[in-house]
Amino acid sequence: MSRPLKIMLVAAEASGDALGAGLARALKTRLGDQVVFVGVGGPRMAAEGVVSPFDIAELSILGWIEGLKAYGKVKRRVQETAALAEREQPDAVVLIDSWGFTIRVAKAIRAARPSVPLIKYVGPQVWASRPGRARTLAGAVDHLLALYAFDAPWFEKEGLATTVVGSSALHVDMAHADGAAFRARRGIAQDARLLLVLPGSRPSEIRRMTPVYEAAIRKLKAVDPTLEVAVVAAGTVAQDVAGRVAAWPFRVHLVEESEKYDAMRAATAALATSGTVSTELALAGAPMVIAYKIDGLSYQLMKRMVTAKHITLFNVAADDRIAPEFIQNEATPTLLAAAVGRLLNDPAAAADQAHRQTAALDLMGRAGPDPSELAADAVLRVIAETSGH
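Description of the structure in this document. (Residues numbered from 1 in each chain as written. Predicted model: local features only at pLDDT ≥ 70, side-chain atom pairs only at ≥ 80, totals over all residues. Heavy atoms only, no water.)

### Digging into the pattern of salt bridges
As a reminder of what qualifies: Only one rule defines a salt bridge in this text: a Lys or Arg side-chain nitrogen within 4 Å of an Asp or Glu carboxyl oxygen.
Counted according to the given criterion, the structure contains 26 salt bridges. Overlapping salt bridges, with partners in common, bring together R44, E257, K260 and E280 in one network.

### Let's talk about the nonpolar core
The condition that has to hold: Buried Ala, Val, Leu, Ile, Met, Phe, Trp, Tyr and Cys residues form a nonpolar core when they are joined through side-chain atoms within 4.5 Å. Exposure is judged per residue with a 1.4 Å probe applied to protein chains only, and the accessible area is read against the type maximum: over 50% gives exposed, under 20% gives buried, and values in between give partly exposed. Contact definition: two residues touch when any of their heavy atoms are within 4.5 Å.
Counting residues in hydrophobic clusters, the biggest one holds 66 residues, and the most contacted among them are I7, Y121 and L196. Not counting residues up to four positions away in its chain, the partners in contact with Y121 are L19, L23, V94, L95, I96, D97, L145, L147, V165, S168, P371 and A375.

### Brief notes about the packing of aromatic side chains
The following threshold applies: Aromatic rings from Phe, Tyr and Trp, taking only the six-membered ring of Trp, are treated as a pair when their centres fall within 6.5 Å; an angle between ring planes under 30 degrees marks them as stacked, one over 60 as edge-to-face, and anything in between as tilted.
Across all of its chains, the model carries one aromatic pair by this definition. With 5.7 Å between their ring centres and 55 degrees between their planes, W248 and F250 make a pair best called tilted.

### Overview of helix α8 (residues 179–186)
Since the α-helix advances by 3.6 residues per turn, residues separated by three or four positions end up pointing in the same direction. Condition: Helical segments are the DSSP runs of H or I of at least four residues, strand segments are the runs of E of at least two, and each set is numbered from the N terminus. In this description, the arc belongs to the directions extending from the helix axis to the C-beta atoms. Here a polar contact is recorded for every N or O atom pair within 3.5 Å, except that within protein the pair must consist of a potential hydrogen donor and a potential acceptor, and residues adjacent in sequence are included only if both atoms are side-chain atoms.
When we look at burial in α8, the residues that qualify are G179, F182 and R183. On an axial view of α8, the arc spanned by its buried residues comes to 95 degrees, and they lie on one face. For α8, the secondary structure elements touched by its buried residues are β7 (194–198), β8 (228–232), β9 (253–255) and α11 (260–266). Backbone nitrogen of A180 and a side-chain oxygen of the N-cap are separated by 3.2 Å at the start of α8; the cap is D178. The first or second residue beyond α8 is G187, which carries a positive phi of 70 degrees.

### What to know about the packing of helix α9 (residues 203–223) against helix α15 (residues 333–345)
We apply this condition: To get an axis, a line is fitted to the C-alpha atoms, and for a helix only the part in contact is used. The angle between two axes follows their N-to-C directions and goes from 0 to 180 degrees. We call two directions roughly parallel when the angle between them is under 35 degrees, roughly antiparallel when it is over 145, roughly perpendicular when it lies between 65 and 115, and oblique otherwise. By definition, any crossing whose near helix is turned counterclockwise from its far helix by less than a right angle is left-handed, and any crossing with a clockwise turn is right-handed.
Contact geometry for α9 and α15: axes closest at 8 Å, N-to-C directions at 55 degrees. Relative to α15, the element α9 is oriented oblique. Crossing of α9 against α15: the hand is right-handed. When α9 is examined against α15, the residues V212, Y213, A215, A216, K219 and L220 are found in contact with a partner set consisting of P333, T334, L336, A337, V340, G341 and L344.

### Comments concerning unusual backbone geometry
Residues other than glycine seldom take positive phi values, yet D97 does so here, at roughly 50 degrees. Positionally, D97 belongs in the loop between β3 (92–96) and α5 (99–112). Take D97: its relative accessible area is 23%, and that puts it in the partly exposed class. Not every positive phi belongs to a glycine, and Q328 is a case in point at roughly 55 degrees.

### Let's talk about the sheet that holds β9
What counts, and what does not: Pairing between two strands is assigned when DSSP locates at least 2 bridges connecting them.
Sheet architecture is open: six strands sit in the order β9-β8-β7-β10-β11-β12, paired in parallel fashion. Both outer strands of the open sheet, β9 and β12 (325–327), are each paired with one neighbouring strand and no more. Direction aside, neighbouring strands of the sheet carry axes that sit 20 degrees apart on average. As paired elements, β7 and β8 share four bridges and run parallel to each other. When the bridges of β8 are listed, L196 appears paired with A230.

### Let's talk about the pairing of β7
As a reminder of what qualifies: Consider the strands pointing away from the viewer: the crossover is right-handed when the path from the first strand over the helix to the second runs clockwise.
Where burial is concerned, most of β7 is hidden: five out of the five residues are buried. The alternating pattern of β7 places L194, L196 and L198 on one face and L195 and V197 on the opposite face, and all of these are buried. With respect to chirality, the unit in which β7 leads through α9 into the neighbouring parallel β8 is right-handed. Across four bridges, β7 lies against strand β10 (residues 269–273) in parallel orientation. Of the residues in β10, the one forming a bridge with L196 is A270.

Right, here's the structure in full:
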């Protein structure tokens, strides 16, 4: 090979940053120093050699209204990302999750460099809402790396070549996650009830969900003052979470990303903002309650487009409301406290839910090969087919 392969990876939020880092590691395993990376990402991708020109935390936007408010900033970052591709001339561009940002980047790069292979890693959830996005994506990129088998037909019927790689969340290694050690480090008795709160990874989620969770926990603590509470601070929003939780009027164990899985193993129950963490919690055997809120106008617009009965992926796969979900107006302190209280106070119900959560993971493809490895193979195959590199 006359020169290293140059691959551009673009991620705009924490979950995409993790996927990008896994893909970069898998590509380096195959190619060693014959691959270099450029692009946009967070701290995990930076550790793998992707130097981002800006902080992706500002792109973690949720909902139409917030998206409109941030449109000018997003447009500038799209232009910067496209300019980076023009300057660096990568052999392929992998656009990871974050539909609103990456579809704009795809169109901008396609206009500037029509020949570069564009690969989308994680398609929009067209099975849940807005199926027209499948056609939009098919017209914008050359290949899709899909997480689940039920994704593929939606895109393939629009002519978009699709490789199902599976979800990295299903392959988190919990073998070394140690709940007892977490409790020991924090001075939490092994038989104490521990509620783990996962408020999200986007600034808007933290802003919207943490006051609701605080109020729900107040209700739980009023009934049981001995209840232990731990809160996970995701990397991109860790400082924001820490600042908010510091003002709560009861003791909280703040959990960094590095010990998140230990905390999941240690939890008696979890209260989580909908996202990838629901799959990780299920892998850890933690029964959970899921909540989600966006701004009111965005919700009214979204409600008309959503066709799915559930938002938690293992609930979708099982076609059953295994983990309770409280969306928008239902995500109240009173309802959340009641649902979490049931898991904390009824060990049999908690164990039954944890068992059914685990069984649903098999329906999502838990036993498959490592997704980062499959994604790396697919990226190299697309490059070989389209560029002859």
